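The lines below spell out each chain.
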Amino acid sequence: KTRPDYLKAEMDLEQSKLDYESSYWDNFPTLSTFGNWGYASVDAFNGKEKEVWMMGLQLNIPIFEGFAIQSNTLSKKATMRAREHTLKNLQNQIKTDFVLNQVDLISRFEQIKVADKQQKLAQKELDLAQARFEKGIAGNQEVVDAQTNVAEAEDGLVDSLYQYYVSELEWARDMGDVRMVLDT
């Protein structure tokens, strides 16, 4: 409930409800006042301006506006219902994103474990290849291949960590506050 898009959808729905409720008052007469004060003259800028003012009351009785008022009320109700559906869809989308990102986060964490094991295994293979090379059992190619495997395993570990942190940010975005991840 702290996501900006969710908060905006809630405020839009609340505004639509208020608009719909206010349409009830369109059926009643309105009384308004108006006023104006200034200077006037027959010819512009001739120096013979006189002070003038005007005040009045205006009464508006909606006698022949029944269909317009009804149409306006129905339009506001339709807008309100559309925003209710938009909010419900957004809630469902947030729930879905949250679950998917949670599963993705767990999966990425498991990938880190696998990548770490691969890196340790590649390092052991390199140690064994170097030992065999020093004893003359294996050739230089085996050591070079083992070094390449270590570099690839380390790249895989870094990539797994990166993907995990991206998933963590996406999860925090779905929670509505990325700062909770960035502060750690």
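Fair warning: this is a prediction, and the values are worked out from it, not measured in the lab.

### A word on the overall build of the protein
Inference 1: Broken down by element type, the protein carries four helices and two strands.
Inference 2: Principal axes of the C-alpha set define a box for the protein whose edges measure 115 × 50 × 25 Å.
Inference 3: Residue burial in the protein is summarised as follows: out of 184 residues, 19% are buried.
Inference 4: Taking contacts inside the protein between residues at least 6 apart in sequence as the whole, the part at least 24 apart equals 66%.
Inference 5: Working note: accessible area of the protein is about 14000 Å², and carbon and sulfur atoms make up 58% of it.

### Considering the pairing of strand 2 (residues 50-60)
Inference 1: The buried fraction of strand 2 amounts to zero of the eleven residues, a small share that puts the element mostly on the outside.
Inference 2: Strand direction decides the pairing type here: strand 1 (residues 30-40) and strand 2, joined by eleven bridges, are antiparallel. In the sheet register, serine 32 faces strand 2, and the bridge partner there is glutamine 58.

### Thoughts on the packing of aromatic side chains
Inference 1: In total, this model carries seven aromatic pairs according to the counting rule given.
Inference 2: Ring geometry for phenylalanine 98 versus tryptophan 171: centroids 6.3 Å apart, planes at 35°, classification tilted. Here phenylalanine 98 is found in helix 2 (residues 66-135), whereas its partner tryptophan 171 is found in helix 3 (residues 140-175), with 73 residues between them in sequence.
Inference 3: We classify tryptophan 171 as partly exposed; its relative accessible area is 21%.
Inference 4: Pairing tyrosine 164 with tyrosine 165 gives two aromatic rings, centres 5.6 Å apart and planes at 65°, and the pair type is edge-to-face.
Inference 5: According to the relative accessible area criterion, tyrosine 165 is partly exposed, its value standing at 47%.
Inference 6: Among the aromatic residues, ring-to-ring pairing joins Tyr24, Trp25 and Phe28 into one connected group.

### With respect to the pattern of salt bridges
Inference 1: In this structure the tally under the stated criterion is six salt bridges.
Inference 2: Measuring nitrogen to oxygen at the nearest pair gives 2.8 Å for the salt bridge that ties arginine 3 to aspartate 5.
Inference 3: Since its relative accessible area comes to 9%, arginine 3 is described here as buried.
Inference 4: Relative accessible area serves as the criterion here: at 35%, aspartate 5 is assigned to the partly exposed category.
Inference 5: Residues arginine 108 and aspartate 104 are paired through a salt bridge, measuring 3.4 Å at the closest nitrogen-oxygen approach. With arginine 108 and aspartate 104 both in helix 2 and four residues apart, the pair spans about one turn of that helix.

### Focus on the environment of alanine 44
Inference 1: By secondary structure assignment, the location of alanine 44 is in the loop between strand 1 and strand 2.
Inference 2: Taking C-alpha positions, alanine 44 is 55 Å from aspartate 5, a pair spaced 39 residues apart along the chain.

### A short note on a nonpolar patch on the surface
Inference 1: A cluster of nonpolar residues, Leu31, Leu57, Leu59, Ile61, Ile63 and Phe64, forms a patch on the protein surface that exposes about 760 Å² of accessible area.
Inference 2: Residue position: isoleucine 61 is located in the loop between strand 2 and helix 2.

### Topic: helix 3
Inference 1: The end-to-end C-alpha separation of helix 3 is 53 Å, in line with the 52 Å expected for 36 residues at 1.5 Å each.
Inference 2: Every buried residue belonging to helix 3 is among Val143, Ala146, Val150, Ala153, Leu157, Ser160, Tyr164, Ser167, Glu168, Ala172 and Asp174, and all of these are buried.
Inference 3: Of the residues flanking the end of helix 3, it is glycine 176, one or two places downstream, whose phi is positive at about 105°.

Quick notes on the rules
- Along each chain, numbering runs from 1 in the same order as the chain's sequence is written.
- Residues qualify for local features only when their pLDDT is at least 70, as the model is predicted, and side-chain atom pairs are given and counted only at 80 or more; totals for whole chains, interfaces and linings, by contrast, use all residues.
- Excluded from the side-chain calculations are hydrogens and water; all other atoms, namely the structure's heavy atoms, are used.
- A run of DSSP states H or I qualifies as a helix once it reaches four residues; a run of E qualifies as a strand once it reaches two. Both are numbered from the N-terminal end.
- Remark: exposure states derive from per-residue accessible area (1.4 Å probe, protein chains only) relative to the maximum for the residue type, with buried under 20%, exposed over 50%, and partly exposed in between.
- Any pair of residues with heavy atoms lying within 4.5 Å of one another is described as a contacting pair.
- Here the Shrake-Rupley method, with its probe set to 1.4 Å, supplies the accessible areas, and only the displayed protein chains count as covering residues.
- Note on pairing: DSSP must find at least two bridges between two strands before they are called paired.
- The criterion for an aromatic pair is that two Phe, Tyr or Trp rings (for Trp, the six-membered ring) have centres within 6.5 Å, with stacked assigned to planes under 30 degrees apart, edge-to-face to planes over 60 apart and tilted to the rest.
- Salt bridges are defined as contacts in which a side-chain nitrogen from Lys or Arg sits within 4 Å of a carboxyl oxygen from Asp or Glu.
- Within this analysis, patches are made of residues with over 30% relative accessible area and no salt bridge. Like charges are joined at 9 Å or less; nonpolar side chains (Val, Leu, Ile, Met, Phe, Trp, Tyr) at 5 Å or less.
- One fewer than the residue count of a helix, multiplied by 1.5 Å, yields its expected span.

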